[in-house]
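# Descriptive analysis of the structure
This is what each chain is made of:
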Amino acid sequence: MSDAALDVVEFLLTTRVYSDDRSLDENDLPPEYRRVFWTGGGDDDGSGATRGGISRPLSATNSTVREATDVDQPWQAVSDLMFTDRDDFSGTLTLGQQEMAEKWFAERADDERIFENPTLAKHFEDHDEFADAFDVDYEESRDANRPIQADRVWIDGLLEEYFDDEDDEEMLDLVEVRAPEEVDVTLDDLVLTEDQEGEIDKIAKAIEHRDYLADIGLREIGKLLFVGPPGTGKTSTAQALAHDMDLPFVEVKLSMITSQYLGETAKNVDKTFEVAKRLSPCILFIDEFDFVAKTRRSDEHAALKRAVNTLLKSIDNISLIQDDVLLIGATNHPDQLDAAAWRRFDEIINFPKPDFGMRADILRVVTRTMDIEDFDPEFIADVTEGLTGSDLRMVMREAVLEALTEDRTTLTQQDLIDAVEEFEERDNLKNMDMIDGDHDALVAGGSVGGGSGGGKASSDGGHSHGHDHDHGHEH
Ligand SMILES: Nc1ncnc2c1ncn2[C@@H]1O[C@H](COP(=O)(O)OP(=O)(O)OP(=O)(O)O)[C@@H](O)[C@H]1O
Ligand SMILES: [Mg+2]
């Protein structure tokens, strides 16, 4: 019997069980099933907003089954089983004989399949005749199932509910909300320092045990500031946390504040925090945090100052323990933050440029799925002192594209070495001051490329890179 039949029967059985057992809720449905039955929020009749949800009974048509299971021809896959029926008029697929379907399914499904479907895990646990069929615990299965809050449909429903009039459009320019299912970076993809890993473990534990922390009155937790040069993984780490912990990722773009109609800005900042509270538990990520300090210091428009003050106040009023919002700020310019801004974060996490060992690890991670002859990541790490994770990614991209111009999809170590050189040439140009021009490279035949220190190395005092396995300290 094909897996397609098993997939379709699982779906039909799930819809039946879910429709009958009112103690089940949307978190008992696998995300792929839930998605097809979710009806969004909005307030079409003016009767007050609805959050959207899943209403019983769930009915299965060829197209819902196809969408949920990826089986192309659902009815064909199960039509010769004795316990399946199709209503020719509505196109609904049903189980004519539920018991027979259960037995058939229990004989073929394995524990893993049941574990990923809390609805069925509960059903088979509740029925004595299947007591020995599976070794799966319903509660564990439900805990492992992705929560509805991580689904795009749920987030859209909420956003529609709260921001359905036109005035709110500019508000939505200020924030971007991503569902964890849409974030494609995980902590496994990132090479972190021991320090960073320690802090991340701590915060993960704090999120997990926030009820306990509330009980003992510990509230000063859950506001992190990531500091470090561009391309060192600040944004990626925040996103990876969202992905791995199934939390929506709400990003505030502070630079948008200045481009908005200023009178509205303070109100919109308020609303941003409102969004985060509604979507909680979630991560609220505020990039370019130095913008705040700059605005407070300088002689800015009063409305802008008001907006920034609102932002600081909102930060004070939001809490991981009370509101289930983890706040992460990020900045490239920690030196520009004033005391008022620093004071608001309870952990500062440093994102240094990667050292020799980390560079080698990043190269290994980035090349995980690539074919490279004679690959020697340590050698490349050795000649890329001062480069960030983002730079190393660019080097690899360059190497891949170069090889493609020769129709090769297998790289060689030499391709990587060439790409490093290429990268340094570009980097030198980027860092050159074209006006003041006392730079060698401005004169044809100058020392661009060819192994003198990269632009970054020369700007911090003319170290040439190479055999010094230390950080490229920047601040
Ligand atoms: N330590 C690292 N391990 C693996 N990949 C990394 C690391 N640091 C950076 N990268 C990669 O570099 C790219 C850019 O990183 P990211 O955007 O997170 O940097 P950032 O610190 O937020 O930079 P900016 O300050 O410019 O916003 C990402 O694709 C990321 O995966
Ligand atoms: Mg970033």
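Treat the numbers as computed from the prediction; the structure is a model and nothing was measured.

## Considerations on the packing of aromatic side chains
Aromatic ring pairs are reported here in terms of the distance separating the ring centres and the angle at which the planes meet. On inspection of all chains with the given rule, the structure shows nine aromatic pairs. Among the aromatic residues, those joined into a cluster by ring pairs are F105, F124, F130 and F134. Directly above the aromatic system of Y18 lies the positively charged group of R56, at a separation of 4.2 Å from the ring centroid.

## Details of a nonpolar patch on the surface
Nonpolar side chains collect at one region of the surface, where Y212, I216 and L218 lie side by side and expose about 290 Å² of accessible area between them. The topology assignment puts L218 in the loop between α12 (210-215) and β5 (223-227). The class of L218 is partly exposed, set by a relative accessible area of 35%.

## Here's the deal with the site of ligand 1
Residues in contact with ligand 1 amount to 15 residues; listed here are only the nearest, V191, G231, K234, T235 and S236. Compared with its free state, where it exposes 630 Å², ligand 1 has 78% of that area covered by protein. Counting residues per element, the ones that place at least two in the shell around ligand 1 are α13 (234-244) and α22 (389-405). Tallied by class, residues from the shell around ligand 1 come to four nonpolar, eight polar and three charged. When residues of the shell around ligand 1 are sorted by domain, at least three fall in each of domain 2 (150-183 + 194-214 + 222-328) and domain 3 (356-459).

## What to know about the packing of helix α1 (residues 3-20) against helix α3 (residues 62-69)
Running from N to C, α1 and α3 cross one another at 115°; their axes reach a closest spacing of 10 Å. In terms of orientation, α1 and α3 fall into the roughly perpendicular class. Considering how the two elements wind past one another, α1 and α3 form a crossing that is right-handed. Only T64, V65, A68 and T69 of α3 make contact with α1, whose side of the interface consists of D7, V8, F11 and L12. Here the residues of the contact of α1 with α3 are counted per class, giving five nonpolar, two polar and one charged.

## Examining the environment of I315
Turning to its location among the elements, I315 is positioned in helix α17 (residues 302-317). Its relative accessible area of 0% is what places I315 among the buried residues. Counting along the chain gives 42 residues from I315 to F273, while the straight-line C-alpha distance between them is 8.3 Å. Excluding residues within four positions of it along the chain, I315 makes contact with K223, F273, I286, F289, L327 and R344.

## Some thoughts on the confidence of the model for the protein
For residues with low pLDDT, the predicted coordinates do not support detailed interpretation. Averaged over all residues, the pLDDT of the protein is 85; the fraction at 70 or higher stands at 83%. Low pLDDT (under 50) marks residues 43-49, which in the prediction has five contacts with non-local residues, meaning those over four places away or in another chain. In this model, residues 446-475 is a region of pLDDT below 50 whose contacts with residues beyond four sequence positions or in other chains number 55 contacts.

Basis of the calculations
- Residues numbered from 1 in each chain as written.
- Chains lettered and ligands numbered in written order.
- Predicted model: local features only at pLDDT ≥ 70, side-chain atom pairs only at ≥ 80, totals over all residues.
- Heavy atoms only, no water.
- Phe/Tyr/Trp six-rings, centres within 6.5 Å; stacked < 30°, edge-to-face > 60°.
- Lys NZ or Arg CZ within 6 Å of the ring centre and 35° of its normal.
- Patch = residues over 30% accessible without salt bridge, like charges linked within 9 Å, V, L, I, M, F, W, Y side chains within 5 Å.
- Areas by Shrake-Rupley, 256 points an atom, 1.4 Å probe, with all protein chains shown as cover.
- Salt bridge = Lys/Arg side-chain N within 4 Å of Asp/Glu carboxyl O.
- Helix = DSSP H or I, 4+ residues; strand = E, 2+ residues; numbered from the N terminus.
- Buried < 20%, exposed > 50% of the residue type's maximum accessible area, 1.4 Å probe, protein only.
- Near = heavy atom within 4 Å.
- Nonpolar A, V, L, I, M, F, W, Y, C, P; charged D, E, K, R; others polar.
- Domains from an automatic or database assignment.
- Axes fitted to C-alpha atoms, helices over the stretch in contact; angles between N-to-C directions.
- Parallel < 35°, antiparallel > 145°, perpendicular 65-115°, else oblique.
- Left-handed = near helix turned anticlockwise from the far one by under 90°.
- Contact = heavy atoms within 4.5 Å.
- pLDDT = per-residue confidence, 0-100.

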